[in-house]
2 protein chains.
Amino acid sequence: MKPFPLNKAFTFLEPGPVILVSTAGGEYPNIMTLSWTMVLDFSPRFAFMTGPWNYSCQALIKHRECVIAIPTVDMSKTVVSIGACSGAEVNKFEKFKLTPLKAEFVNAPLIKECYANIECRVTDYIKNHGIFVLDAEAAWIDEKRKEKRLFHAIGDGRFIADGEKISHRKIMAAKLPEGV
Amino acid sequence: MKPFPLNKAFTFLEPGPVILVSTAGGEYPNIMTLSWTMVLDFSPRFAFMTGPWNYSCQALIKHRECVIAIPTVDMSKTVVSIGACSGAEVNKFEKFKLTPLKAEFVNAPLIKECYANIECRVTDYIKNHGIFVLDAEAAWIDEKRKEKRLFHAIGDGRFIADGEKISHRKIMAAKLPEGV
């Protein structure tokens, strides 16, 4: 994993892909699968929604940090399977043969097999909506991997891989954040 | 536009596409383009983030309702152009030759040219984060249109169209909401 510019890290969440979130603090680190996420600021600041039905929720509340890992479409079966079992019963890194890597600023591990990883601090928790607000502190990328297409949940058990790219940079020029 | 089951309306937002949001209350109805959105509940409940830099923000705060319209990839140039100008200066329905249709529960109009429309009530506004929480009251679909691929913002002025579909319904069976 190589360092990735923090001011561009929002570009991994902006398209709304399925993500993994790693947390530490229990007997072993845990991973959950999330689709209910959004960008809040280019800084970058993110939000995601989860609740007590996810074992990771308590670790987020208690330790206030996590890693957002960005999987690609070749990992979709693993990612969905991670979301279908609980860290209360299984060590997901072991079960799914994923490799935890030491992060720089947080105790939660990076996931080596993912395309990108973003170290995040929980800076707010809007309990009545289950919304966690996260500020990123570092981002990492695996530039060498071939498959770079992200994938998106439809919500009915089906998923959509990234398709063709379209540029509207000229129309958006005045609105793009600096350096992006 | 035909009625679409409200319990499935979240499937339009879950993949994280670029959306349009229509509001009423000014001299003419307005439209803004948003990418910072997420699902909060299957009911369905949504969240999106915007701020005073968007002319529609005041209408959302004052009238507490809107329509979320789902454009498809053939509309991407129009959708991005809608996001690059302000309703303070231009009537976007006129400028972009879009057709406002009367909604059932809200004063904000549906957008006829979009694939789907969701009538929403603003039920909370988390001002310090610019997060609007919306509960949907009705959903509509144009089943006859050929292009159904949504598109996603990367954040750098480029966009990604929906690609291939993958089913993991068997793995997810226990987690799918009823009837979806």
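Above this note sits the structure.
Throughout what follows, the structure given in this document is the object of discussion.

Reading the values: the criteria
- Residues numbered from 1 in each chain as written.
- Chains lettered and ligands numbered in written order.
- Predicted model: local features only at pLDDT ≥ 70, side-chain atom pairs only at ≥ 80, totals over all residues.
- Heavy atoms only, no water.
- Least-squares fit on C-alpha atoms with pLDDT ≥ 70 in both.
- Contact = heavy atoms within 4.5 Å.
- Salt bridge = Lys/Arg side-chain N within 4 Å of Asp/Glu carboxyl O.
- Buried < 20%, exposed > 50% of the residue type's maximum accessible area, 1.4 Å probe, protein only.
- Helix = DSSP H or I, 4+ residues; strand = E, 2+ residues; numbered from the N terminus.
- Core = buried A, V, L, I, M, F, W, Y, C linked by side-chain atoms within 4.5 Å.
- Phe/Tyr/Trp six-rings, centres within 6.5 Å; stacked < 30°, edge-to-face > 60°.
- Arc of directions from axis to C-beta.
- Polar contact = N/O pair within 3.5 Å; in protein donor to acceptor, adjacent residues only side chain to side chain.

This brings us to the relation of the copies chain B and chain A. Rotating chain B by 180° about the axis while translating it 0.0 Å along that axis superimposes it on chain A, leaving an RMSD of 0.0 Å. Such a combination of turn and shift is consistent with a two-fold rotation axis. A symmetric contact is evident, with 100% of the interface residues of chain B recurring at the interface of chain A.

This next bit is on the pattern of salt bridges. Taken as a whole, this structure holds 14 salt bridges over all chains when the rule is applied. The closest approach of N and O atoms between A:R149 and A:E147, which form a salt bridge, is 3.0 Å. Residue class for A:R149 comes out partly exposed when judged on its relative accessible area of 30%. Between B:D135 and B:R45 there is a salt bridge; the shortest N-O distance is 2.7 Å. Taken together, the residues span a long stretch of sequence, with B:D135 in strand 10 (residues 131–141) and B:R45 in strand 5 (residues 45–49) at a distance of 90 residues. The buried category is assigned to B:D135, whose relative accessible area is 18%. Sharing partners across several salt bridges, the network here consists of A:E65, A:R121 and A:E137.

The biggest cluster of nonpolar side chains holds 74 residues, and the ones touching the most others in it are A:F46, A:I118, B:F46 and B:I118. With residues up to four places along the chain from it excluded, the contact list for B:I118 reads B:A9, B:F12, B:L13, B:F46, B:C66, B:V67, B:I68, B:A136, B:A138 and B:A139.

Before going further, it helps to examine helix 3 (residues 76–83) of chain B. With respect to burial, helix 3 of chain B is a largely interior element, six of its eight residues being buried. For helix 3 of chain B, the set of buried residues is B:S76, B:V79, B:V80, B:S81, B:I82 and B:G83.

Once that is clear, we can look at the packing of aromatic side chains. Applying the stated criterion across every chain yields a total of 14 aromatic pairs over all chains. Measuring from centroid to centroid gives 5.8 Å for B:F48 and B:F132, while their planes differ by 45°, and the two rings are tilted. Of this pair, B:F48 sits in strand 5 while B:F132 is found in strand 10, placing the two residues 84 residues apart along the sequence. Both residues of the pair, B:F48 and B:F132, belong to the buried class. Put simply, the rings of A:F4, A:F12 and A:Y115 pair up and form one aromatic cluster.

Further remarks concern unusual backbone geometry. Excluding glycine, residues mostly carry a negative phi; peptide bonds, for their part, are mostly trans. Residues and elements named next belong to chain A. Backbone torsion omega between S43 and P44 reads 0°, so that peptide bond is classified as cis. By the element assignment, P44 lies in the loop between strand 4 (37–41) and strand 5 (45–49). Phi at R64 takes a positive value of approximately 55°, unusual for a residue other than glycine. By secondary structure assignment, the location of R64 is in the loop between helix 2 (56–63) and strand 6 (65–70). What makes R64 partly exposed here is its relative accessible area of 34%.

Another point: helix 2 of chain A. Residues and elements named next belong to chain A. For helix 2, the set of buried residues is S56, C57, A59 and L60. The buried residues of helix 2 occupy an angular sector of 165° when projected down its axis, which confines them to one face. When the buried face of helix 2 is taken as reference, the exposed residues oriented beyond 90 degrees from it are Q58 and K62. The secondary structure elements touched by the buried residues of helix 2 are strand 2 (19–23), strand 3 (30–34), strand 5, strand 6, strand 9 (116–126) and strand 10 (131–141).

Attention now moves to the side chain of B:E65. All names here are of chain B. Inspection of the secondary structure puts E65 in strand 6 (residues 65–70). Among the residues examined, E65 registers a relative accessible area of 9% and is labelled buried. Within the structure, the side chain of E65 is placed 2.6 Å from the backbone nitrogen of N107, a separation counted as a polar contact. If we skip the residues at most four places from it in the chain, E65 touches T23, L60, F105, V106, N107, A108, C120, R121 and V122.

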